[in-house]
Amino acid sequence: MTFAEIFNQLKELETKFNEVSYPPENAFLPSFSFKIRKAEKDCLQHDLPAIDVDDFLKKVEQ
């Protein structure tokens, strides 16, 4: 097996793993995806601090 074949197989495995761990973007409603992208863009434009999702969920649970 050549390095290129190994590399291609690793890329395929990574793609499959990501789809299992994180649903593809098209699984969400387009309006939801748009809101997420807009929020990310706004945070970058206004130098807002990044929010750790785990910390955020802990606060919501309290």
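Here the structure is a predicted model, which is why all the values come from computation and not from measurement.

What counts and what doesn't
Residues numbered from 1 in each chain as written. Predicted model: local features only at pLDDT ≥ 70, side-chain atom pairs only at ≥ 80, totals over all residues. Heavy atoms only, no water. Helix = DSSP H or I, 4+ residues; strand = E, 2+ residues; numbered from the N terminus. Buried < 20%, exposed > 50% of the residue type's maximum accessible area, 1.4 Å probe, protein only. Areas by Shrake-Rupley, 256 points an atom, 1.4 Å probe, with all protein chains shown as cover. Salt bridge = Lys/Arg side-chain N within 4 Å of Asp/Glu carboxyl O. Expected span 1.5 Å × (residues − 1). Patch = residues over 30% accessible without salt bridge, like charges linked within 9 Å, V, L, I, M, F, W, Y side chains within 5 Å.

## A short note on the overall build of the chain
Item 1. The helix and strand tally for the chain stands at three helices and zero strands.
Item 2. Helices and strands appear in the chain in the N-to-C order α-α-α.
Item 3. For the chain, the proportion of its 62 residues judged to be buried stands at 2%.
Item 4. In the structure as shown, the chain presents an accessible area of about 6300 Å², 63% of it carried by carbon and sulfur atoms.

## Considerations on the pattern of salt bridges
Side chains that differ in charge, positive against negative, can pair when their charged atoms come close.
Item 1. Tallied over the entire structure, the rule returns one salt bridge.
Item 2. The partner of Lys38 in a salt bridge is Asp42, and the shortest N-O contact between them spans 2.9 Å. Of this pair, Lys38 and Asp42 both sit in helix α2 (residues 30-45), four residues apart, roughly one helical turn.
Item 3. In this structure Lys38 comes out as partly exposed when scored by relative accessible area, which is 41%.

## Details of α2
Item 1. With 16 residues, α2 should reach 22 Å at 1.5 Å per residue; the first-to-last C-alpha distance of 22 Å fits that figure.
Item 2. Residue Asp47 follows α2 closely and has a positive phi angle near 50 degrees.

## Concerning a nonpolar patch on the surface
Item 1. On the surface, Ile51, Val53, Phe56, Leu57 and Val60 cluster together to form a nonpolar patch covering roughly 510 Å² of accessible area.
Item 2. Tracing the chain through its elements places Val60 in helix α3 (residues 53-61).

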